[in-house]
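Read off the chains here:
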Amino acid sequence: MEDKFMMYNTLSKRVEKFVPNEAGKVGMYTCGPTVYHFAHIGNLRSYLMEDILEKTLRYIGYDVKRVMNITDVGHLSSDADTGEDKMVKGAKREHKTVMEIAQFYTDAFFSDCKKLNIKRPDVVEPATNCIPEFIHMIEELLKKGYAYQSGENIYFDTSKLKEYYVLSGHNEDALLEGVRDDVDVDDNKKNKNDFVLWFTKSKFEDQALKWDSPWGVGYPGWHIECSCISMKHLGDYMDIHCGGVDNIFPHHTNEIAQSEAYLGHKWVNYWMHVHHLNDKSGKMSKSKGEFLTVSLLEEKGYNPIVYRLFCLQSHYRKPLEFSYEVLDQMVATYDKLKKRIANLKKDGEVDQAAFAQFRSAFEAALCNDLNSSLAITVIYDLLKADISDATKYALIGSFDYVLGLDLTKEEEAQENAVDSELEAFILAKIEERKEAKKAKDFAKADAIRAELLDKGVSIKDTREGVVWELI
Ligand code: AMP
Ligand code: ZN
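Residues numbered from 1 in each chain as written. Chains lettered and ligands numbered in written order. Predicted model: local features only at pLDDT ≥ 70, side-chain atom pairs only at ≥ 80, totals over all residues. Heavy atoms only, no water.

### With respect to the overall build of the chain
The line we're drawing: Going along the chain from the N terminus, every DSSP run of H or I of four or more residues is numbered as a helix, and every run of E of two or more is numbered as a strand. Working rule for contacts: check all heavy atoms of both residues, and any pair within 4.5 Å makes them a contact. In this description, accessible areas are obtained by the Shrake-Rupley approach with a 1.4 Å probe, and a residue is regarded as covered only by the protein chains that are shown. We treat Lys and Arg as the positive residues and Asp and Glu as the negative residues; His and chain ends play no part in the count. By convention, the charge on Lys lies at NZ, on Arg at CZ, on Asp at CG and on Glu at CD.
When you go through the chain residue by residue, the secondary structure sums to 15 helices and 16 strands. Here the C-alpha coordinates of the chain stretch approximately 95 × 50 × 45 Å along the principal axes. Across the chain, every contact between residues at least 6 apart in sequence was considered, and the portion connecting residues at least 24 apart equals 75%. When the accessible area of the chain is evaluated, it comes to approximately 21,400 Å², of which 51% is carbon and sulfur surface. Here the chain contributes 61 positively and 78 negatively charged side chains, and the mean placements of these two sets differ by 2 Å.

### Description of the side chain of His252
Position of His252 relative to the elements: it lies in helix α7 (residues 248–263). Ignoring any residue separated from it by four or fewer positions in sequence, one finds His252 in contact with Cys31, Leu167, His241, Cys242, Gly243, Asn247, Trp271 and His273.

### Description of empty space enclosed by the protein
Our working rule: Each cavity reported here is a set of points on a 1 Å grid over the protein atoms alone in which a 1.4 Å probe fits but cannot get out, each pocket an open set with protein on both sides within 12 Å along at least five of seven lines, and each lining residue one with an atom within 4 Å of a point. Grid points are joined across faces, edges and corners, and a volume is the space filled by probe spheres set on the points.
Using the criterion set out here, one finds four cavities of 30 Å³ or more in the structure. In terms of lining residues, the second largest cavity is bounded by Tyr47, Arg66, Met68, Phe109, Phe110, Cys113, Ile118, Lys119, Arg120 and Pro121. Within the residue set of the lining of the second largest cavity, elements represented by two or more residues are β4 (63–70) and α3 (98–115). Here the lining of the second largest cavity takes three residues from α3, the largest share from any one element.

### A look at the domain arrangement of the chain
Keep this limit in mind: An automatic or database domain assignment supplies the start and end points of every domain.
Domain assignment breaks the chain into domain 1 (6–274), domain 2 (302–411) and domain 3 (415–470). Each of domain 2 and domain 3 was reduced to a C-alpha centroid, and the two centroids are 42 Å apart.

### Digging into the sheet that holds strand β3 (residues 25–30)
Rules: Pairing between two strands is assigned when DSSP locates at least 2 bridges connecting them. Convention adopted: a line fitted to C-alpha atoms gives each axis, helices being fitted over their contacting stretch, and angles between N-to-C directions are expressed from 0 to 180 degrees.
In space, the five strands of this open sheet follow the order β5-β4-β3-β10-β11, with parallel pairing throughout. Looking at the sheet topology across the chains shown, the edges are occupied by β5 (123–126) and β11 (268–274). Ignoring strand direction, the axes of neighbouring strands in this sheet form an average angle of 20 degrees. Sheet analysis places β3 next to β4, joined by six bridges and oriented parallel.

### Thoughts on the site of ligand 1
Quick note on the threshold: Note on definitions. A residue lies near a molecule or strand when any single heavy atom of the residue is within 4 Å of it. Two N or O atoms form a polar contact when they lie within 3.5 Å of each other; inside protein one atom must be a possible hydrogen donor and the other a possible acceptor, and for residues adjacent in sequence the pair counts only when both atoms belong to side chains. For this classification, the nonpolar set comprises Ala, Val, Leu, Ile, Met, Phe, Trp, Tyr, Cys and Pro, the charged set comprises Asp, Glu, Lys and Arg, and every other residue, Gly included, is treated as polar.
In the vicinity of ligand 1, 17 residues are found, and the nearest of them are Thr34, Gly42, Ser46, Asp246 and Leu277. Within the backbone of Gly42, an N or O atom sits 3.0 Å from a nitrogen atom of ligand 1. A distance of 2.4 Å separates an oxygen atom of ligand 1 from a polar atom in the side chain of Asp246. About the coverage of ligand 1: the protein hides 94% of its 490 Å² of free accessible area. Looking at the shell around ligand 1 element by element, the count peaks at four residues for helix α1 (residues 41–59). Class assignment of the residues belonging to the shell around ligand 1 gives a composition of four nonpolar, 11 polar and two charged.

### Thoughts on the packing of helix α9 (residues 304–312) against helix α10 (residues 324–342)
Any two packed helices are characterised by the angle at which their axes cross and by the distance between the axes. What counts is decided by this rule: An angle below 35 degrees is treated as roughly parallel, one above 145 as roughly antiparallel, one from 65 to 115 as roughly perpendicular, and anything else as oblique.
Relative orientation of the contacting elements α9 and α10 amounts to 105 degrees, with a least axis distance of 9 Å. In terms of orientation, α9 and α10 fall into the roughly perpendicular class. Side by side, α9 and α10 meet where Ile305, Val306, Tyr307, Leu309 and Phe310 of the first sit next to Val326, Leu327, Met330, Val331 and Tyr334 of the second. Here the residues of the contact of α9 with α10 sort into 10 nonpolar, no polar and no charged.

### Section: the packing of helix α2 (residues 86–94) against α3
Remark: α2 packs on α3, axes separated minimally by 8 Å, with the N-to-C direction vectors making an angle of 95 degrees. It follows from the interaxial angle that α2 and α3 lie roughly perpendicular. On α3, the residues that touch Met87, Val88, Gly90, Ala91, Arg93 and Glu94 of α2 are Val98, Ile101, Ala102 and Tyr105. Taken together, the residues that form the contact of α2 with α3 break down as seven nonpolar, one polar and two charged.

The structure is reproduced here in structure tokens:
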């Protein structure tokens, strides 16, 4: 197959043609949620756009294997290794164990994803499943001289790399601003940006989950999990690694540092980062303002799919500001679009040439660095076009594989409604036939049987009563 997908690569800082390591196949990794609380709709913007990426690649013919971790240990309040483990914080807040919290919020996350038509990745792996893999990578990094032990923790030595800032392209001080919730200098670090690979000594003695390791009982740092989990399932060369922009530094920067030090070669070819969803006061977070979740939107009467449309109408590389006013406009846009689609007569012949022409316009929009709003305008263009309703309907059904907007779903619901109407009709006719037979009006009974047969329904008299089936 021809490679035609163009994407912005954070590594090269330009839009490039995507060429996978192995022709026709894509290995893709997504940083998964830290399961200490519900995902807010900002987090879900990232997962939603990554879902569009995965489905676009599949739609244009790639065989995609997508892997995601679940962070259930090691992610501290600050991404720069300070503060309390977020999971422990969550467990304390709810008076539950860390594993109970992890299970509950993992299920809640996938339930939100389902409501937003976000496909579950092919492999989902919790960090706590992979402790031996983490220990192995840390041992190798120590052997190769990229890691050191200090104050009973194991750190990665960032001074050993020539290109530590290759992904972010910023200077050290600029990057450190904003990533720390609380600036808390760790004197055990040799360099400011060194990061923890394994904690055995934490100022929080109540760390819930701990494991034996060659360096004593402890727990892994956050960054190591994504390197190990992705390599475990995708091998030593990865095509695309995704996340939100806040992951660029320090998380992804550290992932590259330790992975390439461990492997001895380039690890990921393309990095895709989704920009933030903001509220009026800035970046959406779990600790400030109204905690916007999918359930909250539902409670307020919104169909979650309208939020999906809201995200698709803007480009993933631009910040997006959330407001209920714009969401309300989306409700109106969505309802109108669905009505136009519901009014299409779907029976009839599909014009193959027109189908190919619009499909190629749709693919071109998505292949242009996931221009999802342009892809949606293709639907409006085709609705206006002079082609058969059946062709329009088939195209929209096909596009919805990627868009996930349930554009033809109402139709299915209507079909089901017709089914239940048909069922009511059948039951009424069976009743009428029973009465006719009781009154020995066999001609009428036979006429009813024939009428049902005409509608594709066959009936049979059994000892338990009349049974029917569609033929
Ligand atoms: P977390 O559960 O905190 O590890 O975050 C899960 C994902 O959501 C990560 O890929 C983050 O980069 C992303 N993320 C966090 N905040 C936002 C936001 N306001 N808008 C979009 N993505 C976000
Ligand atoms: Zn990650």
